[in-house]
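This is what each chain is made of:
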Amino acid sequence: MIFLLVRGLPLFIGLIAFAVCQWQWRDASIYPWPLVAVVIGYGAAAGLIAHRRLSLEELVSKMAPGVVVLFSMGFAFLMVETPESRLAVSILFSGSAAVSLEMLWMLVFDPARYPVHGLSRLNIAFMPLAAFFTCLGLTGLGYFIRTPEWITPAAMSALGALAFFLTSHHSHNDAHRNRWTILGAAIGLQAGILAIILPVSIVVQGAFAAFLFAIPLRIRRYSTGTTRRYVAAWGEGIGVTVLFLTVLLVSRWA
């Protein structure tokens, strides 16, 4: 019975998260407490799944990026206005929680089905999303309530340091991890400065921040292991360049 309850946690948390998102859209006055409750429930579910099977340090290293991305999405909720965007964010918010917990469950209970480095790769994908939504929320606050300009670069710098620290591979030593954490802080600072000075919409500013996070995070992962994947690297490089130029050229500039 307990096993069945634990097995259903990823789906249950995902469905609850989606329902909470719909509740939040209908009543902005309750923001952000329903979303905070989802994040707490996500952490509690992860703890139940990993109870006595993973160490606390291993659990935190694998699930902390999920907490970061959920908080970042929740932070940007007030900046999402259209029904289509709200539905997309609701699916992304609930799906991120459910998929992350499902990966953890497979790691703990069904390792034969667990994708190699599944949570590690998922956490790397979470960080550009966190950058996008955090930048969206920060620039939105700057526009609507005139927060001090230094807050955006400072917060993005802190996010960058956290993102690069949390996604460090287990084979990296402390010196490597510290260098990339400092680099992440510098990248986040640059993203925050660009969010202030670029005369584009907040969505485009968030997209630029996501690009700035995604590219070095992916490059760092190529340095892990002995296999050199030149074809994949060239393909991803060309793809991200085309995508970046598309955003740059089709966006409306002030």
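Here's a quick rundown of the structure. (Residues numbered from 1 in each chain as written. Predicted model: local features only at pLDDT ≥ 70, side-chain atom pairs only at ≥ 80, totals over all residues. Heavy atoms only, no water.)

Regarding the overall build of the protein chain
1) Next: The helix and strand tally for the protein chain stands at ten helices and zero strands.
2) Next: For a compact globule of 254 residues, the expected C-alpha radius of gyration is about 18 Å, and the protein chain comes in at 19 Å, within 12% of that figure.
3) Next: Dimensions of the protein chain along its principal axes, counting C-alpha atoms only, are 60 × 50 × 30 Å.
4) Next: Within the protein chain, the proportion of its 254 residues that are buried is 45%.
5) Next: Long-range pairs, those at least 24 residues apart, make up 76% of the contacts in the protein chain with a sequence separation of at least 6.
6) Next: Put simply, the protein chain shows about 13600 Å² of open surface, and 71% of that area lies on carbon and sulfur atoms.
7) Next: Of the side chains in the protein chain, 17 bear a positive and 10 a negative charge, and the two mean positions are spaced by 6 Å. (Helix = DSSP H or I, 4+ residues; strand = E, 2+ residues; numbered from the N terminus. Rg over C-alpha atoms; globule rule 2.2 N^0.38 Å. Buried < 20%, exposed > 50% of the residue type's maximum accessible area, 1.4 Å probe, protein only. Contact = heavy atoms within 4.5 Å. Areas by Shrake-Rupley, 256 points an atom, 1.4 Å probe, with all protein chains shown as cover. Lys, Arg positive; Asp, Glu negative; His and termini not counted. Charge placed at Lys NZ, Arg CZ, Asp CG, Glu CD.)

Some details on the packing of aromatic side chains
1) Next: Applying the stated rule across the entire model yields seven aromatic pairs.
2) Next: Ring geometry for phenylalanine 164 versus tryptophan 180: centroids 6.1 Å apart, planes at 10°, classification stacked. Here phenylalanine 164, found in helix H7 (residues 151–166), pairs with tryptophan 180, found in helix H8 (residues 174–197); they are 16 residues apart in sequence, far enough to count as distant. The exposure classification of phenylalanine 164 matches that of tryptophan 180, with both residues buried.
3) Next: Consider the rings of phenylalanine 211 and phenylalanine 244, whose centres lie 5.5 Å apart with planes at 85°: the pair is edge-to-face. Within this pair, whereas phenylalanine 211 is found in helix H9 (residues 202–222), its partner phenylalanine 244 is found in helix H10 (residues 230–250), the two being separated by 33 residues in sequence.
4) Next: Note on phenylalanine 244: relative accessible area 33%, which makes it partly exposed.
5) Next: Pairwise contacts between aromatic rings join Trp25, Phe77 and Phe93 into one cluster.
6) Next: Above the face of the tryptophan 105 ring, arginine 7 is positioned so that its terminal group lies 3.9 Å from the ring centre. (Phe/Tyr/Trp six-rings, centres within 6.5 Å; stacked < 30°, edge-to-face > 60°. Lys NZ or Arg CZ within 6 Å of the ring centre and 35° of its normal.)

So, the packing of helix H2 (residues 9–26) against helix H3 (residues 33–50)
1) Next: Closest axis-to-axis distance for the H2/H3 pair is 10 Å, and the angle between their directions is 175°. In terms of orientation, H2 and H3 fall into the roughly antiparallel class. The residues of H3 that touch H2, namely those facing Leu9, Pro10, Ile13, Ala17, Val20, Trp23 and Gln24, are Pro34, Leu35, Val38, Gly41, Tyr42, Ala45, Leu48 and Ile49.
2) Next: Its residues assigned to classes, the contact of H2 with H3 shows 13 nonpolar, two polar and no charged. (Axes fitted to C-alpha atoms, helices over the stretch in contact; angles between N-to-C directions. Parallel < 35°, antiparallel > 145°, perpendicular 65-115°, else oblique. Nonpolar A, V, L, I, M, F, W, Y, C, P; charged D, E, K, R; others polar.)

Re the nonpolar core
1) Next: One finds Ile49, Met63, Phe93, Leu101, Leu104, Met156 and Phe213 to be the most contacted residues of the largest nonpolar core, which totals 63 residues.
2) Next: Residue contributions to this core peak at twelve residues, all from helix H6 (residues 118–144).
3) Next: If we skip the residues at most four places from it in the chain, phenylalanine 213 touches Met127, Pro128, Ala131, Met156, Leu159, Gly160, Ala163, Phe164, Ile187, Gly188 and Ala191.
4) Next: Grouped together as the second largest cluster of nonpolar side chains are seven residues, Leu198, Val204, Ala207 and Phe211 included. (Core = buried A, V, L, I, M, F, W, Y, C linked by side-chain atoms within 4.5 Å.)

Observations regarding unusual backbone geometry
1) Next: The amide bond that connects tyrosine 31 to the next residue, proline 32, takes the cis arrangement and shows omega of 5°.
2) Next: Along the polypeptide, proline 32 turns up in the loop between H2 and H3.
3) Next: Located in the positive-phi region is histidine 117, a residue other than glycine, with phi close to 55°.
4) Next: If you trace the backbone, histidine 117 turns up in the loop between helix H5 (83–109) and H6.
5) Next: Backbone geometry at arginine 146 places phi at a positive 55°, although glycine is not the residue there.

Quick notes on the packing of helix H4 (residues 56–75) against H7
1) Next: Across the interface, H4 lies against H7 with an axial gap of 10 Å and an inter-helix angle of 150°. Judged by the angle between their axes, H4 and H7 are roughly antiparallel. By crossing handedness, the relation of H4 to H7 is classed as left-handed. Contacts between H4 and H7 involve Ser61, Ala64, Pro65 and Val68 from the first element and Leu159, Leu162 and Leu166 from the second.
2) Next: The class makeup of the residues in the contact of H4 with H7 is six nonpolar, one polar and no charged. (Left-handed = near helix turned anticlockwise from the far one by under 90°.)

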